[in-house]
Amino acid sequence: TAARISIGFAVLFGFPLSFTALRDATLSAIGLAAERNRNFIPATVAWLVVVTLLGATFDDLGLVNSLCGAVFGALIMFIFPGLLMYLQVAGWAPDGKAEAFRRERDSSIVALGGGFVLLLFGTTVVLVKEFAPDLLRREA
């Protein structure tokens, strides 16, 4: 029960931080000023409705948490760094350094490929464990 109370406190105090970041990022992404009530209130209400509906729909948050871990783990560890490195070195090489930049570009492509493979396998394992766990059992 101490763990449940701790999780409750984490959700209680963590949700406003996450929600504020989500709302502000949404407004920024679509080019609206968050300082104006005309934008702020509808965005807040819309996201609260979406979050509430998702919370009422899903009864197994472990599945959601596992999927988020598989997807965002691959994105943060491999895909985003590989993509940023590729964009940094692709097409930009000072004189005499083309070979070094080619190796860096190639290594970023390897990181991207590995990230997508990890994303695919991680998501597949989560979904198989949830919906077809007998596929993962080894027959003796």
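Keep in mind that what you see is a predicted model, and the values were worked out from it rather than measured. (Residues numbered from 1 in each chain as written. Predicted model: local features only at pLDDT ≥ 70, side-chain atom pairs only at ≥ 80, totals over all residues. Heavy atoms only, no water.)

A. The packing of aromatic side chains, seen in detail. Inspection of the entire model under this criterion finds two aromatic pairs. Seen in terms of ring centroids, F9 and F13 are 6.1 Å apart; in terms of plane orientation they differ by 5°. Their pairing is stacked. Of this pair, F9 and F13 both sit in helix 1 (residues 2-29), four residues apart, which is roughly one turn of the helix. Here F9 falls in the partly exposed class, since its relative accessible area comes to 47%. For the ring pair F15 and F19, a centre distance of 5.6 Å and an interplane angle of 25° mean the geometry is stacked. With F15 and F19 both in helix 1 and four residues apart, the pair spans about one turn of that helix. Of the residues examined, F19 reaches a relative accessible area of 8% and is grouped as buried. (Phe/Tyr/Trp six-rings, centres within 6.5 Å; stacked < 30°, edge-to-face > 60°. Helix = DSSP H or I, 4+ residues; strand = E, 2+ residues; numbered from the N terminus. Buried < 20%, exposed > 50% of the residue type's maximum accessible area, 1.4 Å probe, protein only.)

Taken by themselves, the reported measurements are silent on function.
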